[in-house]
Amino acid sequence: MGDEYPTLFRSEQMSLVQLIVPTEVAHDTIAELGELGNVQFKDLNPDVNPFQRSFVGEIRRIDEMARRVRFFASQVEKEKEPIPIRPLYDSAPLLTVGPRGAQTIDELDVKLAEHEARLTQMNESYQLLSERLRELVEARHVLRETAVFFEQAAVRETETRTSLDDSAPLLQHDDREQQFSSGELQFDLEFVAGTIDRARLSTFERVLWRVLRGNLYMNYIDIQEPFVDPATGAETRKNVFIIFAHGDILLSKIRKIAESMGATIYPIDVNADKRADSMREVTGRLEDLQIVLYNTGANRRAELMTIGENLASWQDVVAKEKLIYETLNLLNYDVRRKTLIAEGWCPTRDIPQIQLALRHATEESGTNVPPILHELRTNRTPPTFHRTNKFTEGFQTIMDAYGVATYQEVNPGLFAVITFPFLFAVMFGDIGHGFIITIAAALMILFERKLGKADLGEIIGTFFFGRYIILLMGFFSIYTGFLYNDIFSKSLHLFHSGWDFREDYFNGTVGVSNGHTYPFGLDPAWHGAENGLLFTNSYKMKMSIVLGVIHMTFAVCLQVPNHIRFRRFSDIYTNFIPQMIFLQSIFGYLVICIIYKWTIDWSKAPTQPPSLLNMLISMVLSPGSVDPESQLYPGQSTVQVILLLLAGICVPWLLVTKPYLEWQEMKKIQGQGYIGLGADDAPRHTDDTMLEGEEEGNGRAIVEANDEEHEQHDFSEVVVHQVIHTIEFCLGCVSHTASYLRLWALSLAHAQLSEVLWDMTIANVLGMSGLIGIIALLLVGAMWLVLTIAILCVMEGLSAFLHALRLHWVEANSKHYEAGGYQFVPLSFARLNEKQ
């Protein structure tokens, strides 16, 4: 697998490159590399405070522009009627590179400031006008309700006069008398009128009653329509109140209490004619204000429509500019050459594309001094980069969630493309259910362009991201459904069955072999048989063990390419060979016995079929002794003793050989006269290449490489690590093999749940006839379909998915996957658009 061809078998070969960029083309160079998206820049100023870097002023300016754009977006979202936003792909691009790039940013800054000033002024005017409108509406309600009160009081004139004669008058005053109505009764009408929040009305009433000791008369009425705050959109319900009291002191107390409770007081005249004049004046002002408010809202909406035309383009430009200047802050300024120095990782095969991009940036900027790129030699571990497409991206993400592969390590994501959906299908095997999830995945793939642009939410978006995983899971589920001969808990008679059912006087209906062999999958005769569950249980349990051991064996074999690639040849015979012998001598032997037992016709054998579980237990607890009644094959005891001895030899082999080789290597180094003095005191061996590199400006890369070049381990650490590794592998072989039994358990649960759902729904209405039977079948069939999709496809599918994930992460990856790398995160505007 050459480096010039991308492959998922290993991560791509990476190179540490240095860029010498003239200051005048630095912005355009970073912008071009951001569009290309394959360079991960290193921070060459780790000791410099973020607020003291070169482009802090530009970043602050871009942050202010970003704040304005966010303000525009929030105003558009708050608008009741949706404001159309032109999508980015349909917007005219803003050219921020080239000779006019800086001028474009300046013009955009001025334009955003102007839009913000206009929109802020409109918002303030709209809010002020809305407040005045609210006050006028409240004043109109107060005038209307007080007029109603006085009219009702005039009707009850006789009752009022009687009340005044019988008791001390509350509203009468000797100095100031005024005609209440057309009669001769005189009143001193001193009152306070206004509006108050309905939630505070009861508290307001109690406080007034206690402070004034009952010397008041209060009347109130609800305002039906709510008042809406234009800033927050919150609704407030209010009441109109009118309070009568005697004396200026009491009236002053009432006003103070009302103001403290958030009430609004309106001056209402006692005279009916003046109240009518006030009502007409308020109504006229209200109509004028509504016209002004409507025009202000229309102008504000027109401004938001103009902003919506360019909002997506502004968001894109501002985000890209901020990312460019943040990247420029990672670069180092070479005072001697008056250039910017950049270092970063990139795929080796992409270096020609990067050079073309640098040349293009120089041409676009209108200068004649191109940036210079050259590779740096370093021992520093590069980042891990797997070049994926939309099909393999989901599988690679699953493996990266466990851990990022070490640089150039064998990538399990390549094999997970097949093994993951297959192990899922073993637990989910059903032709019907597999067909449903295949159709769902196919629809997502068919409309992926439209769905990719829509906001699907977190849950639906996750399913859409894994649409190709779901597609393969559906295909493999259909395949295993044919193996199990299971479609919605029913069987298919595709070929001639190998069993005929006959009536027996003593045993009832029994199956008799007719000499045929069902060519593919499970014979449909087992469905409905009394011992069908026992047979499928045994079949699926043994199949789980076989598949598990094969999967683990393959995972162990993946150690070999890693050992060869990293030149750890000693690990092949200190780790790989003893691990393989240990695994195969016990569990590989078990798999062979399972397959051998399947090949024997036990109806013609002289002995009964032995229990393989008891055989494996007795092989370890009582080696060399096999009961003749349960013997599987001749010479079984000798073979088992040999295999057990091989497994026993592998344990000290794993424990001793690698530490011994490490100890010998240390003795060899000490025999040559070298003594480790520690990392701080060790002499630095510098050759001409490194000196030349430092002279050329890549001193930081060489210093970092020397710091990381060789990680020293104490001999005791090697011993402890090997002991832990040996114990983990030996115990893991047992526990991991048992863990693969989840394939059998989930498959059994899925089949039984599907059968129960069928029996409790459709099976109960299939025998009905007539119109009632048709209606019942339609209703119950719809309920069965909904439950099948919700429970068996979604919930059971998620359960099988998680179990397949566990088998890959723990049982398989623990055998070979180091996962000690770090992700390649290049400067990419495409990723920026995905986040937005």
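Residues numbered from 1 in each chain as written. Predicted model: local features only at pLDDT ≥ 70, side-chain atom pairs only at ≥ 80, totals over all residues. Heavy atoms only, no water.

Chemist: What's the story with the overall build of the protein in this structure? I'm lost.
Modeler: Counting its secondary structure elements, the protein contains 25 helices and 15 strands. Scored against the burial criterion, the 836 residues of the protein give a buried share of 42%. For the protein, contacts bridging at least 24 residues in sequence account for 79% of all contacts bridging at least 6. By element, 58% of the accessible surface of the protein is carried by carbon and sulfur atoms, the whole surface being about 46300 Å². (Helix = DSSP H or I, 4+ residues; strand = E, 2+ residues; numbered from the N terminus. Buried < 20%, exposed > 50% of the residue type's maximum accessible area, 1.4 Å probe, protein only. Contact = heavy atoms within 4.5 Å. Areas by Shrake-Rupley, 256 points an atom, 1.4 Å probe, with all protein chains shown as cover.)

Chemist: Where do I start with helix H14 (residues 467–484) in this structure?
Modeler: Working note: α-helix, 3.6 residues per turn, so residues spaced by three or four point in the same direction. For H14, with 18 residues, the first-to-last C-alpha span of 25 Å sits near the 26 Å given by 1.5 Å per residue. Within H14, 15 of the 18 residues are buried, which leaves the element mostly enclosed by the surrounding structure. Count one or two residues on from H14 and you reach Asn-485, which has phi positive near 55°. (Expected span 1.5 Å × (residues − 1).)

Chemist: Explanation requested: the sheet that holds strand S9 (residues 238–244) in the structure shown.
Modeler: Taken in spatial order, the 4 strands of this open sheet run S6-S9-S5-S10, and their pairing is antiparallel. Both outer strands of the open sheet, strand S6 (217–222) and strand S10 (264–266), are each paired with one neighbouring strand and no more. Pairwise comparison of adjacent strand axes, ignoring direction, gives a mean angle of 25° for this sheet. Looking at chain direction, S6 and S9 are connected through 6 bridges and run antiparallel. Considered in S9, the bridge of Tyr-220 is made with Phe-241. Against the sheet, helix H5 (residues 201–211) engages strand S5 (191–197), S6 and S9, with an angle of about 175° to S6. Each of S5, S9 and S10 touches helix H6 (residues 248–260); the most contacted strand, S5, lies at about 10° to it. (Pairing = 2+ DSSP bridges. Axes fitted to C-alpha atoms, helices over the stretch in contact; angles between N-to-C directions.)

Chemist: Please clarify how the packing of aromatic side chains should be interpreted in this entry.
Modeler: In this description, an aromatic ring pair is defined by two values, namely the gap between the centres and the angle between the planes. In the structure shown here, the tally under the stated rule is 26 aromatic pairs. Residues Phe-191 and Phe-244 carry aromatic rings whose centres are separated by 5.5 Å and whose planes lie at 50° to one another, so their mutual orientation is tilted. A residue pair is termed long-range when its members are at least 10 positions apart, and Phe-191 in strand S5 and Phe-244 in strand S9 qualify at 53 residues. An identical accessibility class is assigned to Phe-191 and Phe-244; each is buried. Aromatic side chains Phe-385 and Phe-824 sit 5.0 Å apart centroid to centroid with 55° between the ring planes, which places their arrangement in the tilted category. Taken together, the residues span a long stretch of sequence, with Phe-385 in the loop between strand S13 (372–376) and helix H9 (393–402) and Phe-824 in the loop between helix H24 (770–812) and helix H25 (829–835) at a distance of 439 residues. Here Phe-385 falls in the buried class, since its relative accessible area comes to 16%. Residue class for Phe-824 comes out buried when judged on its relative accessible area of 1%. Among the aromatic residues, ring-to-ring pairing joins Trp-499, Trp-526, Phe-535 and Tyr-539 into one connected group. A cation sits over an aromatic face here: Lys-540 above Tyr-484, 4.2 Å from the ring centre. (Phe/Tyr/Trp six-rings, centres within 6.5 Å; stacked < 30°, edge-to-face > 60°. Lys NZ or Arg CZ within 6 Å of the ring centre and 35° of its normal.)

Chemist: In this structure, what is going on with helix H10 (residues 412–428)? I would like to understand it.
Modeler: Taking 1.5 Å per residue, 17 residues should reach 24 Å; H10 reaches 23 Å between its end C-alpha atoms and fits that length. Ile-418 marks the point of greatest bend in H10, at about 40°, and the proline Pro-421 comes within the next four residues. With 12 of its 17 residues buried, H10 lies for the most part within the structure. Residues of H10 that are buried: Pro-412, Gly-413, Ala-416, Val-417, Phe-420, Pro-421, Leu-423, Phe-424, Ala-425, Val-426, Met-427 and Phe-428. Structurally, H10 contributes buried residues whose contacts are with H9, helix H11 (431–446), H14, helix H15 (532–557), helix H23 (742–760) and H24. Between the side-chain oxygen at the start of H10 and the backbone nitrogen of Gly-413 there is a gap of 3.0 Å, and the oxygen is on Asn-411. (Bend = angle between axes of the 7 residues up to and from the residue. Polar contact = N/O pair within 3.5 Å; in protein donor to acceptor, adjacent residues only side chain to side chain.)

Chemist: Hey, could you run me through the confidence of the model for the protein in this one?
Modeler: Where the model shows low pLDDT, its predicted coordinates should not be examined in detail. Summary statistics for the protein give a mean pLDDT of 85 and a share of 89% for residues scoring 70 or more. Confidence drops under pLDDT 50 across residues 166–187; counting only partners more than four residues distant or on other chains, this segment forms 41 contacts. Across residues 677–687 the pLDDT falls below 50, and counting only partners more than four positions away or on other chains, this stretch makes 5 contacts in the model. (pLDDT = per-residue confidence, 0-100.)

Chemist: Is there a simple way to think about empty space enclosed by the protein in this case?
Modeler: A probe as big as a water molecule, rolled over the atoms, marks out the empty space that is left. By the definition in use, this model includes 2 cavities of 30 Å³ or more. Size it by volume and the largest cavity reaches roughly 100 Å³. What lines the largest cavity is a set of 13 residues, among which Pro-412, Phe-415, His-551, His-808 and Ala-812 lie closest to the centre. Every element with two or more residues in the lining of the largest cavity is listed here: H10, H15 and H24. Of the residues assigned to the lining of the largest cavity, the class counts are 8 nonpolar, 5 polar and no charged. By volume, the second largest cavity is sized at about 40 Å³. What lines the second largest cavity is simply Ile-431, Gly-481, Phe-482, Asn-485, Leu-492, Leu-494, Phe-495, Tyr-518 and Phe-520. (1 Å grid on protein atoms, 1.4 Å probe; cavity = no way out; pocket = protein on both sides within 12 Å on 5 of 7 lines; lining within 4 Å. Points joined across faces, edges and corners; volume = space filled by probe spheres on them. Nonpolar A, V, L, I, M, F, W, Y, C, P; charged D, E, K, R; others polar.)

Chemist: Is there a simple way to think about the side chain of Thr-480 in this case?
Modeler: Among the secondary structure elements, Thr-480 is positioned in helix H14. Thr-480 sits in the buried class, given a relative accessible area of 2%. At a separation of 2.9 Å, a polar atom in the side chain of Thr-480 contacts the main-chain carbonyl oxygen of Ala-425.

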